Amino acid sequence: MTPLFLTAALVLATGLFAVGLFGLMIRRGILFQIIALEIMLTGPALAFVAAGAHHGDPGGQGMFIFVLVLAASEVALGLALYLRLGRHADVSDSDTVNLLRR
Amino acid sequence: MSPFFALLLVPMPAMGAFLLLGLGPAEFNRRAIQTIALAGATLPAVVMLPLGAYCLMGTCDGIQPIFDLEVGPAVVALALKLDPLSALVGVTVTIIGACVIGYSIDYMAKSEIADLRRYFALMNLFLASMLCMVLAGDSIIFFLGWELMGLCSFFLIAYHVTSARAIAAGRKAFVITRVADAFLLAALLLLFLEAGSVRLDDLIPAGIATDDVRRGLIAALLLAGAMGKSAQLPFHTWLPSAMAGPTPVSALLHSATMVAAGAYLLARLAPLMETVPLVMAVTATVGAATALFGATAAVFQLDVKRLLAYSSISQIGFMLLAIGLGQPEVAIAHFVVHAIFKSLLFLSAGDITQIARGTTDIAAMRGALRARPVAYLAFVAGAASLAGIPFVTGGWFSKEAILASAWLAGPFGIVLWGVALSAAVLTGAYAFRPVLVGLIPVKGARMTFGGVFTNLPILLLAAGTFAIAPLVTPMVEFLDATVPHPPLAVELVGAVAPFVGLALAFAMTFMPRISRRVAQARRMRSGIRIDGVYQIVFVQPFVALVRWLTGQRGSIADPVGTLPVMGAQWLVGAIVRPLAHDPLDRAWAGFASATVRAWGVARHVQSGRVRDYALAIAVGVALLLLLGWGTTWR
């Protein structure tokens, strides 16, 4: 594992994170924002794996498993909210639910 | 008898005054008022005459202490003093006072009850204050009497309170004598500083013992005080105006009290005055000048009372002349004689003119011989004494003594003698004018006589003018002096003077051309308009100043009060008002409102939009990372 490879992996990870963040900010559909969040999570996950491989440490892969679990639970929660909002208020636009009391 | 009884003298008339006015709510009828007034006026004479007799027979040098006031280190020892001077003047004052107040009973009988009470109370108080001054053994009592007299004369001159003229005359008398009183007060205070005592017996030696400058100053101040009270040039203007008061007031004011007080003051302090030759010379000059001025102005008067007023000015001038020549005893003798004939003249003239429906023109005397013989003959006796008809009248003896003193006083004295002699000639002229007018018969005049209260005082005083004639020399000797005797020729000239005056009076009365000239001499009648000059020089600027101060001339009213207020308002406008909403306050208030506004702005951050929060979190984390990176960067 060469340092160049690590650098390339970290750049890719940052890019993934930035793309996810960008998507999260510009998309208004709740479903798309959950997808953007998933992309955002892959960035750090990739960085953990690359860093673990670079240092020869299995902790990086452990962290990847942890991120996967985190992403799974987050998606479960997010989709539950999405379904609830869709059913109850018939909205898929996150901006329209800025006031929770309504 | 002892000086102790002198203590009774002052309170008696004052008590009468108190009973009359002080018991205000009590109803008094006319008779009760008259009784109280008469008792207050005559009882002092009853006490004073034995005191005077005691003085004549025995040693006459009594001090009767009243009480001592301890004022810090100084002791104010109030006392009455009975010596030949105060005894003689006191006897005169009490007798004249009794006569005048007795006369008032008939004269004022038609007044309202309230006016009558006021009148008699003031007259009694007037008498009390003169006695207080005459018998004073210390400067405090003396000044008290002096000032009270000024106050009473103000009230009595302004007795006719509905007449603006009377009130103006009273005010004028008060203000002018007040100016002179200030001089007297200054002199007495300076003497007190020298002596450390208020007793006259201590003041005079202390004044003599001090250095020339202070002694001269004190003497000059005393002279100024006496001149104001005695209506001498240039303070004389109040006396002719004072005629606005009732005639008995004038009789008392002109003869025994008030105007004579100045002469008494100088006679009392004569030992001190005599140590300052310059002031003595000024006294004599002022006296002679006033005597001539008063006599000249009197010649041209058309009103009997004004004539008599100028006559008083002139006669007091004679007294001052004698004092200035170092003969205060002669001056006091003249004071006594003058008191008798001047009160007689006023009372009889008052009686005659009251019949003539109140007008006091000389013309009102017309036919008086027929209409009012008692008063007229008494007036003749008074006029004879005033003019100084030789050998029979008191006026001749005392005036002759004054002229003699002048003649014997060196070259300057002869000049004064000449002035005084011409004054004496003019005195004869003005004294006999009303007398001769009284001879002119009037058709249809009925002969009337006054009541007993009118005639008794007049007859007493008329007898007095002759009875006093042989007593002038004993009086002067009683005061420890001798009557000066000039050469016979000089005395003869003096004796002829009143007859020359009589001839002048004849000419003025019975020669129409001359009497018309006299009637037209308005400039002389107004006393060469000195009064008018004072009006322009003193009164009008003062009135203008007062008008200006009261804002009647478009100026600021009451600048003394208003200017500080305006200044304070300016300060408020210039300094306090800008600071009242001061920048610190405003900054705090602005901060508070800005915080509210800023909070309103800040609340927009909490938009509730997921995307906004995501952005904020991203930016925040990025910033934290940057911070972490920056702080760990090396």
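Residues numbered from 1 in each chain as written. Chains lettered and ligands numbered in written order. Predicted model: local features only at pLDDT ≥ 70, side-chain atom pairs only at ≥ 80, totals over all residues.

Draft legend 1. View of the overall build of chain A. For chain A, the helix and strand inventory stands at 3 helices and 0 strands. Starting at the N terminus and walking to the C terminus, you meet the elements of chain A as α-α-α. Expressed along its principal axes, the backbone C-alpha trace of chain A runs to roughly 55 × 25 × 15 Å. Counting only residues that meet the buried cut, chain A has 17% of its 102 residues in that class. (Helix = DSSP H or I, 4+ residues; strand = E, 2+ residues; numbered from the N terminus. Buried ≥ 20, exposed ≤ 12 C-beta atoms within 10 Å, placed from the backbone.)

Draft legend 2. Broad picture of the overall build of chain B. Secondary structure summary: chain B contains 29 helices and 2 strands in total. Expected size for 634 residues packed as a compact globule is a radius of gyration near 26 Å; at 37 Å, chain B overshoots this value by more than 25%. C-alpha atoms of chain B, sized along the principal axes, occupy 145 × 60 × 55 Å. Per-residue burial for chain B yields a buried fraction of 50% across its 634 residues. (Rg over C-alpha atoms; globule rule 2.2 N^0.38 Å.)

Draft legend 3. Just the UniProt feature "domain: NADH-Ubiquinone oxidoreductase (complex I) chain 5 N-terminal" (unreviewed entry) in chain B, in detail. Mapped onto this structure's residue numbering, the UniProt feature "domain: NADH-Ubiquinone oxidoreductase (complex I) chain 5 N-terminal" (unreviewed entry) falls at residues 71–120 of chain B. Between the end C-alpha atoms of residues 71–120 of chain B the distance is 36 Å, and the span holds 64% helix and 20% strand. (UniProt positions renumbered as here; feature names shortened; annotations may be inferred.)

Draft legend 4. Looking closely at the nonpolar core. Counting 206 residues, the largest nonpolar core has Ile 157, Leu 222, Ala 263, Leu 321 and Ala 420 of chain B as the members making the most contacts within it. Apart from the residues lying within four places of it in its own chain, the contact partners of Leu 222 of chain B are Leu 184, Ala 187, Leu 265, Leu 266, Leu 269 and Met 273 of chain B. (Core = buried A, V, L, I, M, F, W, Y, C linked by C-beta atoms within 7 Å. Contact = placed C-beta atoms within 7 Å.)

Draft legend 5. Looking closely at the domain arrangement of chain B. For chain B, the domain assignment lists domain 1 (276–520) and domain 2 (605–634). Placing a centre on the C-alpha atoms of domain 1 of chain B and another on those of domain 2 of chain B gives a separation of 126 Å. (Domains from an automatic or database assignment.)

Draft legend 6. Quick look at the confidence of the model for chain B. Residue and element names in this part refer to chain B. Of the residues in chain B, 97% reach a pLDDT of 70 or more, and the chain-wide mean stands at 81. In the model of chain B, helix H25 (residues 522–525) stands out as the element of lowest mean pLDDT, 70, in contrast to helix H29 (residues 610–632), which has the highest, 89. Here the complex is predicted with pTM 0.73, and the ipTM for its interfaces comes to 0.83. (pLDDT = per-residue confidence, 0-100.)

Draft legend 7. Representation of the packing of helix H23 (residues 488–510) of chain B against helix H24 (residues 512–520) of chain B. Residue and element names in this part refer to chain B. Closest axis-to-axis distance for the H23/H24 pair is 5 Å, and the angle between their directions is 90 degrees. In this view, H23 runs roughly perpendicular relative to H24, as classed from their interaxial angle. When H23 is examined against H24, the residues Ala 507, Met 508 and Thr 509 are found in contact with a partner set consisting of Ile 514, Ser 515 and Val 518. Broken down by class, the residue content of the contact of H23 with H24 amounts to 4 nonpolar, 2 polar and no charged. (Axes fitted to C-alpha atoms, helices over the stretch in contact; angles between N-to-C directions. Parallel < 35°, antiparallel > 145°, perpendicular 65-115°, else oblique. Nonpolar A, V, L, I, M, F, W, Y, C, P; charged D, E, K, R; others polar.)

Draft legend 8. Examining helix H9 (residues 212–229) of chain B more closely. Between its terminal C-alpha atoms H9 of chain B stretches 26 Å, which fits the 26 Å expected from 18 residues at 1.5 Å a residue. The secondary structure elements touched by the buried residues of H9 of chain B are helix H7 (164–195), helix H8 (200–209), helix H12 (259–268), helix H13 (270–273) and helix H14 (277–299) of chain B. (Expected span 1.5 Å × (residues − 1).)

Draft legend 9. Representation of the packing of helix H6 (residues 139–157) of chain B against H7 of chain B within the structure. All names here are of chain B. Where H6 contacts H7, the two axes come as close as 8 Å, and the packing angle between them is 170 degrees. Classified by the angle their axes make, H6 and H7 are roughly antiparallel. Residue composition of the contact of H6 with H7, grouped by class: 13 nonpolar, 5 polar and 3 charged.

Draft legend 10. Structural detail: the environment of Asp 202 of chain B. Residue and element names in this part refer to chain B. Assignment of secondary structure puts Asp 202 in helix H8. Between the C-alpha atoms of Asp 202 and Val 100, which are 102 residues apart in sequence, the distance is 35 Å. Non-local contacts of Asp 202, meaning those with residues more than four positions away in its chain, are made with Ala 195 and Ser 197.

Draft legend 11. Structural view of the pairing of strand S2 (residues 74–82) of chain B. Two elements, strand S1 (residues 62–71) of chain B and S2 of chain B, share 9 bridges in a ladder whose sense is antiparallel. Along S2 of chain B, the bridge assignment pairs Pro 65 of chain B with Ala 79 of chain B. (Pairing = 2+ DSSP bridges.)

Draft legend 12. Fine view of the pairing of S1 of chain B. Judged by how many residues are buried, S1 of chain B sits mostly at the surface: 1 of 10 residues are covered. Here S1 of chain B folds back onto S2 of chain B in antiparallel fashion, the turn holding 2 residues, of which Gly 72 of chain B has a positive phi close to 60 degrees.

Draft legend 13. Region of interest: helix H2 (residues 11–22) of chain B. When the terminal C-alpha atoms of H2 of chain B are compared, their 14 Å separation across 12 residues is substantially less than the 16 Å that a helix rising 1.5 Å per residue should span. For H2 of chain B, the full list of buried residues reads Met 12, Pro 13, Ala 14, Gly 16, Ala 17, Leu 19 and Leu 20 of chain B.

Draft legend 14. View of unusual backbone geometry. The residue Ala 231 of chain B is not glycine, and still its phi comes out positive at about 55 degrees. Along the chain, the position of Ala 231 of chain B falls in the loop between H9 and helix H10 (238–241).

Draft legend 15. Highlighting the UniProt feature "transmembrane region" (unreviewed entry) in chain A. In this structure's numbering, the residues bearing the UniProt feature "transmembrane region" (unreviewed entry) are residues 6–24, 31–51 and 63–83 of chain A. Secondary structure across residues 63–83 of chain A divides into 100% helix and 0% strand, with the first and last C-alpha atoms of the span separated by 30 Å.

Draft legend 16. Spatial organisation of the environment of Leu 85 of chain B. Residues and elements named next belong to chain B. As for its placement among the helices and strands, Leu 85 is situated in helix H4 (residues 84–107). Residue classification places Leu 85 among the buried positions, given that 21 C-beta atoms sit within 10 Å. Linking Leu 85 and Ile 340, residues 255 residues apart in sequence, is a C-alpha distance of 17 Å. With sequence-adjacent residues up to four places away left out, Leu 85 is seen in contact with Ala 267, Arg 268, Ile 332 and Leu 479.

Draft legend 17. Layout of the environment of Gly 97 of chain B. All names here are of chain B. Residue placement: Gly 97 occurs in helix H4. Among the residues examined, Gly 97 registers 30 C-beta atoms within 10 Å and is labelled buried. Separated by 527 residues in sequence, Gly 97 and Leu 624 place their C-alpha atoms 118 Å apart. Contact partners of Gly 97, with chain neighbours within four places excluded, come to Ala 41, Leu 127, Leu 252 and Ala 256.

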